[in-house]
Every structure is written in structure tokens, then in C-alpha cells.
Amino acid sequence: MNHPPPIGTSSVYVPNHLVWAILSTLFCCLPLGVVSIVHAAQVDGRRAAGDLVGAQEASRKAGWWAVASAAALPVLLLLWFGLFGGLAALGALSGN
């Protein structure tokens, strides 16, 4: 017997990027990673409700925010070391 799929489910795969969102939150930039997690959590619910366009949009946003969170880490590290390295250099120059 061939049963039709339950109403509200779709056979279209939409990646939710949840793993990347969690990893970027833990290891990179917390605020941007949380936004990524929020969008990733919406993907499966929207797909199950039949809103494929909304699921794809949430998936795209989740992926983008995860990448932004990962890209923020090197930028923040450069700013951190630049600030405190500059302060250390100024302290070395002014101290006799």
C-alpha cells in the first residue's frame, strides 16, 4: 500500500544550518550567533507548515549570520590586539 505523506510535510530538503549556528555562537561571536540560531530554529517549522519560501529565507539568513559570526572573530581579535598592543607600545615609549 502506498500512503500519501501527511498534510503539512514536504519532501523538499531545506538545510537549517543549526550546527554551524551553534558552533559560531560558542567559538566566535555570541550576539551574531544567537541571531543565526533563531533563524535556524525557524527553518524546520516553516518547512513542515508548507511555507517553503519562508523556510528557504530563514535558511539563507541562518547561514549568513553564522558566516558573519565566524568572520567577526578575526576582526575582533585584530581590534583587541591592536588596542592593547598600541597601549603597550605607548607605555614603553613614555616610560623611561
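Residues numbered from 1 in each chain as written. Predicted model: local features only at pLDDT ≥ 70, side-chain atom pairs only at ≥ 80, totals over all residues. Heavy atoms only, no water.

*Asks:* I keep staring at the overall build of the chain and nothing clicks. Help me out?
*Replies:* A tally of helices and strands in the chain yields three helices and zero strands. Starting at the N terminus, the α and β elements of the chain follow one another as α-α-α. Contacts spanning at least 24 positions in sequence make up 66% of the contacts within the chain whose residues lie at least 6 apart. Carbon and sulfur atoms form 74% of the exposed surface of the chain, whose accessible area is close to 6800 Å². (Helix = DSSP H or I, 4+ residues; strand = E, 2+ residues; numbered from the N terminus. Contact = heavy atoms within 4.5 Å. Areas by Shrake-Rupley, 256 points an atom, 1.4 Å probe, with all protein chains shown as cover.)

*Asks:* Would you explain the pattern of salt bridges in this entry?
*Replies:* Any two side chains of opposite charge can pair, on the condition that their charged atoms come close. Within this structure, the stated rule accounts for one salt bridge. The residue arginine 60 makes a salt bridge to glutamate 57 at a minimum N-O spacing of 2.5 Å. With arginine 60 and glutamate 57 both in helix 3 (residues 52-94) and three residues apart, this pair spans about one turn of that helix. Exposure remark for glutamate 57: the relative accessible area of 31% places this residue in the partly exposed category. (Salt bridge = Lys/Arg side-chain N within 4 Å of Asp/Glu carboxyl O. Buried < 20%, exposed > 50% of the residue type's maximum accessible area, 1.4 Å probe, protein only.)

*Asks:* Got a minute to help me understand the packing of helix 2 (residues 30-48) against helix 3 in this structure?
*Replies:* Helix-helix packing is characterised by the crossing angle of the two axes and by the distance between the axes. At their nearest, the axes of helix 2 and helix 3 sit 8 Å apart, and the two run at 160° to each other. Between helix 2 and helix 3, the interaxial angle falls into the category roughly antiparallel. Crossing hand, helix 2 versus helix 3: left-handed. In this structure, helix 2 contributes Leu32, Gly33, Val35, Ser36, His39, Ala40, Gln42, Val43, Arg46 and Arg47 to the contact, and helix 3 contributes Leu52, Gly54, Ala55, Ala58, Ser59, Lys61, Ala62, Trp65, Ala66, Ala68, Ser69 and Ala72. (Axes fitted to C-alpha atoms, helices over the stretch in contact; angles between N-to-C directions. Parallel < 35°, antiparallel > 145°, perpendicular 65-115°, else oblique. Left-handed = near helix turned anticlockwise from the far one by under 90°.)

*Asks:* I would appreciate a short explanation of helix 3 in the present structure.
*Replies:* For an α-helix, the turn length of 3.6 residues means that residues three or four places apart are oriented alike. Under the 1.5 Å per step criterion, the end-to-end length of helix 3 is 62 Å for 43 residues, consistent within 8% with the ideal 63 Å. Listed as buried for helix 3 are Gly54, Ala55, Ala58, Ser59, Ala62, Gly63, Ala66, Ala68, Ser69 and Ala72. Buried residues in helix 3 make contact with helix 1 (18-27) and helix 2. (Expected span 1.5 Å × (residues − 1).)

*Asks:* Explain the environment of proline 31 here, please?
*Replies:* Along the chain, proline 31 falls in helix 2. Separated by 38 residues in the primary sequence, proline 31 and serine 69 have C-alpha atoms spaced 8.0 Å apart.

*Asks:* Whenever I open this one, the packing of aromatic side chains confuses me. Can you help?
*Replies:* The description of an aromatic ring pair uses the distance of the two centres, along with the angle that the planes make with each other. Within the structure shown, the criterion is met by two aromatic pairs. Here the aromatic rings of tryptophan 64 and tryptophan 65 are separated by 4.9 Å at their centres, their planes lie at 90°, and the arrangement is edge-to-face. According to the relative accessible area criterion, tryptophan 65 is partly exposed, its value standing at 26%. (Phe/Tyr/Trp six-rings, centres within 6.5 Å; stacked < 30°, edge-to-face > 60°.)

*Asks:* Can you help me understand the environment of leucine 30 in this one?
*Replies:* Its place among the elements puts leucine 30 in helix 2. Linking leucine 30 and serine 69, residues 39 residues apart in sequence, is a C-alpha distance of 7.5 Å.

*Asks:* What exactly am I supposed to notice about the side chain of threonine 25 here?
*Replies:* Of note, threonine 25 is situated in helix 1. You can call threonine 25 buried: its relative accessible area is 11%. Not counting chain neighbours up to four residues away, the residues in contact with threonine 25 comprise Leu30, Gly33, Val34, Ile37 and Ser69.

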